[in-house]
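Residue-level listing of the chains:
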Amino acid sequence: MTQKQAAEALQICQRHGMELVWFTNTLGHCGGLLANPAFLHLAEDAVAPYQLCPSHRETRPLIRKMLEEFSALSPARLLHVGGDECALNGDKRCRERGQSDAELYLDHYRWVVRQTKKLGKRPAMWGDMLLKFPEIMDALDKDVLIFDWH
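Cut-offs applied
Residues numbered from 1 in each chain as written. Predicted model: local features only at pLDDT ≥ 70, side-chain atom pairs only at ≥ 80, totals over all residues. Heavy atoms only, no water. Helix = DSSP H or I, 4+ residues; strand = E, 2+ residues; numbered from the N terminus. Rg over C-alpha atoms; globule rule 2.2 N^0.38 Å. Buried < 20%, exposed > 50% of the residue type's maximum accessible area, 1.4 Å probe, protein only. Core = buried A, V, L, I, M, F, W, Y, C linked by side-chain atoms within 4.5 Å. Contact = heavy atoms within 4.5 Å. Lys, Arg positive; Asp, Glu negative; His and termini not counted. Salt bridge = Lys/Arg side-chain N within 4 Å of Asp/Glu carboxyl O. Polar contact = N/O pair within 3.5 Å; in protein donor to acceptor, adjacent residues only side chain to side chain. 1 Å grid on protein atoms, 1.4 Å probe; cavity = no way out; pocket = protein on both sides within 12 Å on 5 of 7 lines; lining within 4 Å. Points joined across faces, edges and corners; volume = space filled by probe spheres on them. Pairing = 2+ DSSP bridges. Axes fitted to C-alpha atoms, helices over the stretch in contact; angles between N-to-C directions.

1. Details of the overall build of the protein chain
When helices and strands are tallied, the protein chain shows 6 helices and 3 strands. Counting from the amino terminus, the protein chain carries its helices and strands in the arrangement α-α-α-β-α-α-β-α-β. Taken over the C-alpha trace, the protein chain has a radius of gyration of 16 Å; the compact-globule value for 150 residues is 15 Å, and the two agree within 12%. Judged by the C-alpha coordinates and their principal axes, the protein chain covers about 50 × 40 × 30 Å. Relative to its full complement of 150 residues, the protein chain shows a buried share of 43%.

Pasting the structure below:
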């Protein structure tokens, strides 16, 4: 989607009294992004590129840029950052950190939430991984709006 198309979508929603809330995946469901050869090296699994590697040194700068771009496109207070259906500790970089799947997920999303809030947006994310890792709930920022897709 181009910036022009995003502006048109926003105008259509506003004409109909709707609020457009942008959504971007920031870990799992990144197959489309990783299909671009420029980003394939950021995959958790290069053979089946579906998820960004949260431990790759270039992942956070890319996500920061994505969040900035999506934030700039929308006057909405909310920005959905994904967070569903993640498979963790699938590569050497992640395993070398010595964190459990839950700890790795929490570390990544605490950072994503902080970045989103720095942009003046309220973060929203899917809740399925929080159901998988209920032990991280108390450590997650209470301002995060949880979506349930069941």
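Here the narrative resumes.
2. A closer look at the nonpolar core
Ranked by internal contacts, the top residues of the largest apolar core, which has 36 residues, are L88 and Y105. Elements supplying a minimum of two residues to this core: α1 (3-15), α3 (59-73), α5 (101-118) and α6 (128-132). Here the element with the most residues in this core is α5; it accounts for 8 residues. Setting aside residues up to four positions removed in sequence, Y105 forms contacts with L27, G83, C86, L88, M125, M129, L130, F133 and I136.

3. Overview of the side chain of D84
Tracing the chain through its elements places D84 in the loop between β1 (78-80) and α4 (92-96). Despite being buried, D84 has no salt bridge partner; K132 is the closest side chain of opposite charge, sitting 12 Å away. At a separation of 3.2 Å, a polar atom in the side chain of D84 contacts the side chain of H29. Discounting chain neighbours no more than four positions away, the residues touching D84 are N25, G28, H29, Y50, W126, D128, M129 and W149.

4. Details of the layout of surface pockets
There is about 240 Å³ of room inside the largest pocket. Taken together, M1, T2, Q3, A6, W22, M66, E69, F70, A72 and L73 make up the lining of the largest pocket. The greatest single-element share of the lining of the largest pocket, amounting to 5 residues, is contributed by α3.

5. Considerations on the sheet that holds strand β3 (residues 145-147)
Taking strand neighbours across the sheet as the criterion, the 3 strands line up as β1-β2-β3 in an open arrangement whose pairing is parallel. The open sheet has two free edges, formed respectively by β1 and β3, since each of these has just one partner strand. Taking the axes of each pair of neighbouring strands and ignoring which way they run, one obtains an average angle of 30° across the sheet. Alignment of β1 against strand β2 (residues 122-126), held across 3 bridges, turns out to be parallel. Looking at β2, one finds that H80 is bridged to A124.

6. Observations concerning the pattern of salt bridges
Per the stated rule, a full pass over the model turns up 10 salt bridges. Across the salt bridge formed by D107 and R97, the nearest N and O atoms sit 2.6 Å from each other. With D107 in helix α5 and R97 in the loop between α4 and α5, the pair connects residues that are 10 residues apart, well separated along the chain. Owing to a relative accessible area of 29%, D107 belongs among the partly exposed residues under this scheme. Take R97: its relative accessible area is 32%, and that puts it in the partly exposed class. Salt bridges sharing partners connect three or more residues here, namely K117, R122, D141 and D143.

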